[in-house]
Amino acid sequence: MNRVWRSVLMMGALLLAAPAWSADDDYRMGTGDVARITVYGNPDLTTEARVGEDGGLTFPLIGPVKASGLTPSVVEKDIASRLSKGGFIVDPNVNLNIVQFRGQQISVLGRVNRPGKFTLEKVSRVTDALALASGISVDGADAVTLVRTQDGKTEYRDIDLVALFKQGGEASNVVVQDGDVLNVSRQPMFYIYGEVQRPGSFRLEQGMSVVQALSMGGGVNSRGTQRGIMILRRAADGTLQELDAELADLVKKDDVIYVKESLF
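Analysis parameters
- Residues numbered from 1 in each chain as written.
- Predicted model: local features only at pLDDT ≥ 70, side-chain atom pairs only at ≥ 80, totals over all residues.
- Heavy atoms only, no water.
- Helix = DSSP H or I, 4+ residues; strand = E, 2+ residues; numbered from the N terminus.
- Buried < 20%, exposed > 50% of the residue type's maximum accessible area, 1.4 Å probe, protein only.
- Contact = heavy atoms within 4.5 Å.
- Areas by Shrake-Rupley, 256 points an atom, 1.4 Å probe, with all protein chains shown as cover.
- Salt bridge = Lys/Arg side-chain N within 4 Å of Asp/Glu carboxyl O.
- Pairing = 2+ DSSP bridges.
- Axes fitted to C-alpha atoms, helices over the stretch in contact; angles between N-to-C directions.
- pLDDT = per-residue confidence, 0-100.

Trainee: It is not clear to me how the overall build of the chain should be interpreted in this structure. Could you clarify?
Mentor: The number of helices and strands found in the chain is 5 helices and 15 strands. Within the chain, the proportion of its 264 residues that are buried is 42%. Residue pairs at least 24 apart in sequence account for 56% of intrachain contacts in the chain once pairs closer than 6 positions are excluded. For the chain, the computed accessible surface area is about 14600 Å², with 50% contributed by carbon and sulfur atoms.

Below, the structure written as structure tokens:
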């Protein structure tokens, strides 16, 4: 997780340093945003406009343009279409950048170093939000849950921070929006007792096998045996199961691994 979090801070710093945000993103504009709109080859149409309380902004030649709740790319296409249909410009190339970001508040909760509510000063992603909370605490999970309410519907999205920094994972580093809640749960644990060097509770890593779990406990001691290892696991109905374990088996959250004493 330490390596993951170093990457989180690095990406967050790069994103926070960006002076403006281009329209190929998924940010949805809102009241108070100030947009700079340019039309290639037509510098006289360059405009800075604030999204008003009615959710719109005003652009020369075409007048009011709906913006609130839409991505900049959608607004760009609308302006270009209306300039073309109105006979003002043939095949216009419109570009919209957010130059002033309205105040938005998000909450970062759970196993972070500084949980609380934060005001965003520019377009921010999940990594930026975690950086505002001073990072994930030592007992925090390698995933964060994004809770978002839109049009009266609440969406829950789990984001794997480890996968985030693998090829293709950047798509999960979504733009956070006003009212979003990010929650980092406690890292799943497992337990070892019996004939091992260091019995106790340990952090469960993704894809951890029984043999890897045993190594966390220092391995089997001189009185123990790798034959006949048991796992106590809570079933979905709440009952406790006693399972025979192979060294290659995967360990699950809250598993209790028991290493028996050798008979010889």
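Trainee: What exactly am I supposed to notice about the environment of L70 here?
Mentor: Along the chain, L70 turns up in the loop between β4 (63-66) and α2 (72-85). Residue classification places L70 among the partly exposed positions, given a relative accessible area of 22%. The spacing of L70 and Y27 is 43 residues in sequence and 7.9 Å in space, taken between C-alpha atoms. Setting aside residues up to four positions removed in sequence, L70 forms contacts with Y27, R28, M29 and V75.

Trainee: Whenever I open this one, the pattern of salt bridges confuses me. Can you help?
Mentor: Between side chains of opposite charge, a pair can form when the charged atoms approach closely. Scanning the entire structure with this criterion turns up 8 salt bridges. Measuring nitrogen to oxygen at the nearest pair gives 2.6 Å for the salt bridge that ties R233 to D255. Separated by 22 residues along the polypeptide, R233 in strand β13 (residues 230-234) and D255 in the loop between β14 (240-244) and β15 (256-259) bring together distant segments of the chain. For the pair R233 and D255, a shared accessibility class is recorded, and that class is buried. When salt bridges with common partners are traced through the structure, they connect D142, R203 and E205 into a single cluster.

Trainee: What is the right way to look at the pairing of strand β11 (residues 189-194) in this model?
Mentor: The pairing of β11 with strand β12 (residues 200-203) spans 4 bridges and is classified as antiparallel. Looking at β12, one finds that M189 is bridged to R203. Linkage of β11 to β12, two consecutive antiparallel strands, is achieved through a turn of 5 residues. By the bridge criterion, 4 bridges tie β11 to β15 in an arrangement that is parallel. In the strand pairing of β15, Y191 is matched with V256.

Trainee: Help me out: how do you make sense of the environment of Y27 in this one?
Mentor: Note on placement: Y27 falls in the loop between α1 (2-16) and β1 (34-39). For Y27, a relative accessible area of 1% puts it in the buried group. Spatially, the C-alpha atoms of Y27 and Q177 are 7.6 Å apart, while their sequence positions differ by 150 residues.

Trainee: Could you clarify how one ought to interpret the sheet that holds strand β5 (residues 94-100) in this entry?
Mentor: Strand pairing in a sheet takes place through backbone hydrogen bonds and is either antiparallel or parallel in direction. Read from one edge of the open sheet, 3 strands run β2-β1-β5, paired in antiparallel fashion. The open sheet is flanked by β2 (47-50) and β5, the only strands paired with a single partner. Direction aside, neighbouring strands of the sheet carry axes that sit 25° apart on average. Both β1 and β5 contribute to a ladder of 6 bridges, which runs antiparallel. Counterpart to T38 in the pairing with β5 is N95. Relative to the sheet, α2 contacts β1 and β5, its axis offset from that of β5 by approximately 135°.

Trainee: What exactly am I supposed to notice about the pairing of β2 here?
Mentor: Consecutive residues of a regular strand have side chains that alternate between opposite faces of the sheet. Only one face of β2 is covered, namely the one carrying T47 and A49; the face carrying E48 and R50 has none of its residues buried. Relative to β2, β1 is paired through 4 bridges, and the arrangement is antiparallel. Within β2, the position partnered with R36 by the bridge is E48.

Trainee: Can you help me understand the sheet that holds β13 in this one?
Mentor: What the 5 strands build is an open sheet, ordered β12-β11-β15-β13-β14; its pairing is mixed. Strands with a single pairing partner mark the edges of an open sheet, and in this sheet they are β12 and β14. In this sheet, neighbouring strand axes are inclined to one another by 25° on average, regardless of whether the strands run parallel or antiparallel. Pairing of β13 with β14 involves 5 bridges; the strand directions are antiparallel. By the bridge assignment for β14, L232 is matched with E242.

Trainee: Just to check I follow, could you spell out the confidence of the model for the chain for this structure?
Mentor: Any region with low pLDDT has predicted coordinates that should not be read closely. Per-residue confidence for the chain gives a mean pLDDT of 86, with 89% of residues at or over 70. Within the chain, the element-level pLDDT minimum falls on α1, averaging 43, and the maximum on strand β10 (residues 181-184), averaging 97. Per-residue pLDDT stays below 50 along residues 1-24; that stretch engages in 44 contacts with residues further than four places along the chain or on separate chains.

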